[in-house]
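Breakdown of the fold
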Amino acid sequence: MFPPRPPLWATALALAGSLIVAPPAAAAAEPLTVTDFESDGVPAGVYAWGNDAASTPALTVVPDTTRPEAPATNRVLTSVYDVSQWGGWSHDLPATQDWSAYEGFSFWVNGTASGRKIFFELKDGGGGPGNAELFESSFTDDTAGWRQVKVPFESFTRRADHQPGGAPTDGELDLVAMWGYGMRLPTAQGTLRWDEVQVYGTAPPRPVRLSTDQPVYPADEKDEVRVSVTVTTATGEPLPADLAVDYRTGTGTATSGDDYTAAQGTLSFPAGTASGSARTFTVEIRKDRRSEVAETIPIELSGTGTRPPAEPPVIVIDAHDLPYLDPREPVKDRVSDLLGRMTLEEKVGQMTQAERGALAKQSDIATYRLGSLLSGGGSAPARNTPEGWADMIDAFQLQARRTRLQVPLIYGVDAVHGHNNVVGATIFPHNVGLGATRDAGLVEKAGKITAREVKATGIPWNFAPCLCVSRDDRWGRTYESFGEDPALVTRMATVIDGLQDNGVLATAKHYVGDGGTAYGSSSTGDYTIDQGVTRTSREELAAIHLAPFQEAVKRGVATVMPSFSSVDFGDGPLKMHAHDELINGTLKGRLGFEGFVISDWQAIDQIPGDYPGDVRTSVNAGLDMIMVPYAYPEFTGALKAEVEAGRVPIARVDDAVARILTQKFRLGLFERPYADRSRLGDVGSAAHRAVARTAAARSQVLLKNEDGLLPLRRGAKVYVAGSNADDLGNQSGGWTISWQGSSGPITTGTTILQAVRSRAGSVTYSRDASADLAGHDVGVVVVGETPYAEGQGDVGRAGRTLDLSPADRAAVDRVCGAMKCAVLVVSGRPMVLGDLSGVEAVVASWLPGTEGDGVADPLFGAVPYTGRLPFTWFRSVEQLPINVGDAAYDPLFPYGWGLRTDRARDRLKAVRHELADGDSRSRAAALLLTPALSDRHWRADGSVRDTRVVLGALEAAAALLERSRSVSYAEADTLVSVARDIAQRTGKRPDLQAAADHELAAGAYRKAVDLLARSIR
């Protein structure tokens, strides 16, 4: 969903010799040098970053004695840059430093008088440099030559356009746990030199901080509100002297004497009171017997030597006795009543979605009347636990209570394969693996479990499923697709029911055609295919890419997200976010979509023209809510101005807001805005993981199985190698804990190696296959890709290919050259396999998620291999794109390929038994299958001997199943699987085999059997 963004800073590196650790606070008389670059190369911990390789500055350390007061041996950091979107450099510290004793931050810079504004930031608190709260300042490059920039800490402000996932959100530059700093270079070309980064001066005495137990106190009439005030010293020591804290009720929208009784007084904290101690006072709320909107009572706190809360706390008398608040009223009437009470500013706010880390302060939720917040990939609370998420979202909902009409927020998250941003949650296989299961019921169950875990943390909205039909394996989002065939993707839309029947709105994305973009057509950074152009006809777009969305609308999907990509019908590309024909005309018009359309991440900014034009064009094209995600003040101001100027009709705004409010009422958010914590224990539970394990097992596709090597014997002596054998992050892929995902033990789960060890008699593990190979029964080499997301996974970007790494290729050659072996490919798409002549078995394991036991289950025969390819497996990259139905089709393995390790005859017997309990046509099909099950038509191993008789019975039975009202797809799939076994054993027409799987997904069971029969003639 998300395009490149400012990076989540890398993990801490070792300190260079040039870095000086801060002395105790009392010793801060002279400047403290943080980095002075007096080293032969770039100091450890200093690194460059950018939105692409070209935007990442080149850093070198060079001699330079021209700086004023520089020593004769002085060295400086040179940054040569050519930034297209964002880029810069940072210094991450290996441990926190305490800068609270100092006055400010300084550095020397050799400028060019370019006139450009350059931002720099400090990394405050959190679990590491990549999870620190960012505070920024800036200077203008208006001087040619060296100058010293000195900025007092009090002048830094919290960065409003980006905060890393897991960063603190207190909005205070505490200075006691500093992780470093960063320099953000302008979007231009240039060269800047840097030297002697310091903290300087002596900080003034730090005041006692005042805080309350809640920022907002919702209250009913006749309530008595207890406000608890806490005092906290800067050092954590007890108060050195008596402290008097004055409190009073201030002037808000509530009326003193009518709505409440004014309160004023002093809270006393004697000398020696422990830091963190609290005192309370009460405010009495009166009853005025009127139906009314919410009213506010600010709380003012003061005292000599104190610092009041950054945001004054407030008591809110809840709105009451208004029609839209009555859950007994029809949703349509509630929407109408609420919409009629809203100002233009309130309507615009409902159409605005901000990233939670973008909030300059939490009260901006009320100030800008925001309708929605989201967590982008990896944007997690500082405490990334289910409870931490619930606490964060409840705090945001509490801020929404400040507003006049108290419309609750709707919070959205990308839970694309389980609640994948949350450490410890259940992580399912990515869609590519779920598509390989061909099990729509299992996919629905995965949606159900995802919904339960998402809902438990207070989130009612999921930016999933991706219903893209991916047509080119070079696309970095291939694994987000259920497959290359619209019939398969359409069948997997059951995940929508799993989500929405369990209280979480689904989002069908990315509408429409994002899986068909042409290689080389992207204009986003160095992407090669993502966010590119789909060149097609209206008929082809409808047949391939629109069909799954039509199914989603039929299932009542609540929201639809347009694609970053463009569609070109022959008259030039048009961004989907500006496509009136396809959004207003097709989606909302012809398809009858009644939910609301949410933009993708900052996607309207890609529409040609100025920002007001982007806002006007996208809203008029049918977008109802805009994922801003950072510039919410600019967006709300621009949309309001466009409406007031008549360029966006108020009727369009009312339609958008009504659609949004309808979903909020249907979710019950007005009655239950906070997390239901009774289900927090279910997040990552054993029961949920068992379903993910089943999904992983069913997703495994057996591509080759020479001499029946698989399944392996339990108790075998197994040699395990390869980069993905023991890596939970790699087997989970992108969109896991962070946006791009990462290697290593990033969450809880079972690696493939751990699962193999629980079954094998003995295991030797050697990632690079360097350990002794002798004395093993079989080798298992687990190879494939490392995590990526979106365009950063595009082939051709930053040298990315579909080849196995040299280390993985060497491991395969070494192990498979010494013993019988199985190669498991853990990847988000087909990869170049090369010569398989020395490899007995190959398994496409896709990205199985956290449950490595699911990979080992069929490997050791606990369950059979049943998965089928959702994508054609190419012979060479020169064939790409290659898809089922192509006129020239000669793949390594066709779409729908998948060897099975259960007996065909047993399957046929089982399905005949099930059909015998169905309707008349189902029972007739069962009778037709009975003669074909005679012993003389089958070999001892359960495979077919007389293909003519068995295929004839299958074809006749399949014709009846198409007309039966009682037959399930699973039963038809089992019947057709017997014909597929025959075709895969003896067939030579991959095009017909692939076409058969398409027809099966489309419900043409007889045609599927016929095509498979033809493939062996």
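Quantities reported herein were computed from a predicted structural model and do not represent experimental measurements.

Here we take up the overall build of the protein chain. A tally of regular secondary structure across the protein chain gives 24 helices and 39 strands. Expressed along its principal axes, the backbone C-alpha trace of the protein chain runs to roughly 100 × 80 × 60 Å. Each of the 1017 residues in the protein chain was classed as buried or not, and the buried ones make up 62%. Restricting to contacts in the protein chain with at least 6 residues of sequence separation, those with at least 24 account for 76%.

Considering all chains together, one arrives at 64 salt bridges under this definition. Taking the shortest distance from any N to any O, the salt bridge between arginine 147 and aspartate 142 comes out at 3.1 Å. Judged by its relative accessible area of 24%, arginine 147 is partly exposed. A residue is classified by how much of its surface remains accessible, and aspartate 142, at 51% relative accessible area, is exposed. With a closest N to O distance of 3.8 Å, lysine 704 and glutamate 706 form a salt bridge. Its relative accessible area of 35% is what places glutamate 706 among the partly exposed residues.

Following tyrosine 511, the chain continues into valine 512 via a peptide bond in cis, with omega recorded as -10°. Looking at the element boundaries, valine 512 is found in the loop between strand E27 (507-511) and strand E28 (533-535). Cis geometry marks the peptide bond from valine 628 to proline 629; its omega dihedral reads -15°. With respect to the secondary-structure elements, proline 629 resides in the loop between strand E33 (626-627) and helix H12 (632-644). The phi dihedral of leucine 175 is positive, around 75°, even though this residue is not glycine.

With that settled, consider the confidence of the model for the protein chain. Of all residues in the protein chain, 97% have pLDDT values of 70 or greater, and the mean over the chain is 95. Averaged pLDDT values over the elements of the protein chain bottom out at 93 in strand E10 (residues 157-158) and peak at 99 in strand E32 (residues 596-597). Scored below 50 in pLDDT, residues 2-28 makes 91 contacts in the model with residues more than four places away or belonging to other chains.

Below, the discussion takes up the nonpolar core. The biggest cluster of nonpolar side chains holds 132 residues, and the ones touching the most others in it are Leu338, Leu373, Tyr511 and Leu639. Setting aside chain neighbours within four positions, we find tyrosine 511 in contact with Leu546, Phe549, Val560, Met561, Pro562, Ser563, Met576, Leu582, Ile583, Thr586 and Leu587. Listed in part, the 67 residues of the second largest apolar core include Ala464, Val782, Ala789 and Val855.

This paragraph deals with the packing of helix H6 (residues 440-456) against helix H14 (residues 686-699). Helix packing geometry: the angle between the two helix axes and the distance between the axes. The N-to-C vectors of H6 and H14 enclose an angle of 145°; their axes lie 10 Å apart at closest approach. Crossing handedness for the pair H6 and H14: left-handed. Of H14, the residues touching H6 (which contributes Leu442, Lys445, Ile449, Arg452 and Glu453) are His688, Val691, Thr694, Ala695 and Arg698. Looking at the contact of H6 with H14, its residues break down into 4 nonpolar, 2 polar and 4 charged.

Moving on, we come to empty space enclosed by the protein. Inspection of every chain in the model, using the stated rule, returns 7 cavities of 30 Å³ or more. The space that makes up the largest cavity amounts to roughly 180 Å³. For the lining of the largest cavity, the elements supplying multiple residues, two or more each, are helix H5 (431-437), H6 and helix H8 (495-500). The dominant element in the lining of the largest cavity, judged by the number of residues it contributes, is H6, at 4 residues. Counted by class, the lining of the largest cavity contains 13 nonpolar, 7 polar and 1 charged residues. The volume enclosed by the second largest cavity comes to roughly 90 Å³. Forming the walls of the second largest cavity are Met342, Glu346, Gln350, Ile365, Arg369, Leu370, Ala400, Thr403, Leu405 and Val407. Tallied by class, residues from the lining of the second largest cavity come to 6 nonpolar, 2 polar and 2 charged.

Turning our eyes to something else, we now look at the state of the cysteines. One pass over the full model with this rule turns up 1 disulfide. A sulfur-sulfur distance of 1.9 Å marks the disulfide that ties cysteine 816 to cysteine 821. With the S-S dihedral at roughly 100°, the linkage between cysteine 816 and cysteine 821 falls on the right-handed side. The same class applies to cysteine 816 as to cysteine 821, namely buried.

Strand pairing in a sheet relies on backbone hydrogen bonds, with the paired strands running either antiparallel or parallel. The 6 strands are arranged E2-E5-E11-E7-E8-E10 in an open sheet whose pairing can be described as antiparallel. Every interior strand has two partners, whereas the edge strands, strand E2 (46-50) and E10, have only one.

The N-to-C vectors of helix H19 (residues 904-915) and helix H20 (residues 920-932) enclose an angle of 145°; their axes lie 8 Å apart at closest approach. Considering how the two elements wind past one another, H19 and H20 form a crossing that is left-handed. Between H19 and H20, the residues in contact are Leu908, Val911, Arg912 and Leu915 and Ser922, Arg923, Ala925, Ala926, Leu929 and Thr930, respectively. Split by residue class, the contact of H19 with H20 holds 6 nonpolar, 2 polar and 2 charged.

The next thing to look at is the pairing of strand E13 (residues 208-212). The alternating pattern of E13 places Val208, Leu210 and Thr212 on a buried face, while none of Arg209 and Ser211, on the opposite face, is buried. With 2 bridges joining them, E13 and strand E21 (residues 306-307) adopt parallel strand pairing. Pairing of valine 208 across the sheet is with threonine 306, part of E21. For E13 and strand E15 (residues 224-232), the ladder comprises 4 bridges, and the chain directions are antiparallel. In the strand pairing of E15, threonine 212 is matched with valine 229.

Looking now at the sheet that holds strand E31 (residues 574-575). Judged by pairing direction, the sheet is mixed, and its 3 strands sit side by side in the order E28-E30-E31 without closing on themselves. Taken across any chain shown, the strands that pair with only one partner, and hence form the sheet edges, are E28 and E31.

Now for the side chain of arginine 158. Position of arginine 158 relative to the elements: it lies in strand E10. Within the structure, the side chain of arginine 158 is placed 2.6 Å from the side chain of glutamate 133, a separation counted as a polar contact. Ignoring anything within four residues of it in the chain, the contact list for arginine 158 reads Glu133, Leu134, Phe135, Gln163, Pro168, Thr169, Gly171, Gly357, Leu359 and Ala360.

For methionine 492, the location among the structural elements is in the loop between helix H7 (486-491) and H8. For methionine 492 and leucine 467, which are 25 residues apart along the polypeptide, the C-alpha to C-alpha distance reads 8.6 Å. Among residues more than four places away in sequence, those in contact with methionine 492 are Leu434, Arg438, Asp439, Ala440, Val443 and Phe482.

Time to look at the environment of threonine 187. One can find threonine 187 in the loop between strand E11 (178-184) and strand E12 (189-200). Taking the relative accessible area as the measure of exposure, threonine 187 reaches 53% and is therefore exposed. Setting aside anything within four residues of it in sequence, one finds threonine 187 in contact with Val83, Ser84 and Gln85.

The next point concerns the packing of aromatic side chains. Enumeration according to the criterion identifies 28 aromatic pairs in this entry. On the numbers, 5.8 Å between centres and 40° between planes, the contact of phenylalanine 893 with tryptophan 897 is tilted. Here phenylalanine 893 and tryptophan 897 have matching classes, each one buried. Each residue in the set Phe37, Trp89, Trp99, Phe105, Phe107, Phe120, Phe139, Phe153, Phe156, Tyr181 and Trp194 is aromatic and connected to the rest through ring pairs, giving one cluster. We note arginine 67 situated over the ring of tryptophan 108; from NZ or CZ to the ring centre the distance is 5.3 Å.

Scoring rules and cut-offs
- Residues numbered from 1 in each chain as written.
- Predicted model: local features only at pLDDT ≥ 70, side-chain atom pairs only at ≥ 80, totals over all residues.
- Heavy atoms only, no water.
- Helix = DSSP H or I, 4+ residues; strand = E, 2+ residues; numbered from the N terminus.
- Buried < 20%, exposed > 50% of the residue type's maximum accessible area, 1.4 Å probe, protein only.
- Contact = heavy atoms within 4.5 Å.
- Salt bridge = Lys/Arg side-chain N within 4 Å of Asp/Glu carboxyl O.
- pLDDT = per-residue confidence, 0-100.
- Core = buried A, V, L, I, M, F, W, Y, C linked by side-chain atoms within 4.5 Å.
- Axes fitted to C-alpha atoms, helices over the stretch in contact; angles between N-to-C directions.
- Left-handed = near helix turned anticlockwise from the far one by under 90°.
- Nonpolar A, V, L, I, M, F, W, Y, C, P; charged D, E, K, R; others polar.
- 1 Å grid on protein atoms, 1.4 Å probe; cavity = no way out; pocket = protein on both sides within 12 Å on 5 of 7 lines; lining within 4 Å.
- Points joined across faces, edges and corners; volume = space filled by probe spheres on them.
- Disulfide = S-S within 2.5 Å.
- Pairing = 2+ DSSP bridges.
- Polar contact = N/O pair within 3.5 Å; in protein donor to acceptor, adjacent residues only side chain to side chain.
- Phe/Tyr/Trp six-rings, centres within 6.5 Å; stacked < 30°, edge-to-face > 60°.
- Lys NZ or Arg CZ within 6 Å of the ring centre and 35° of its normal.

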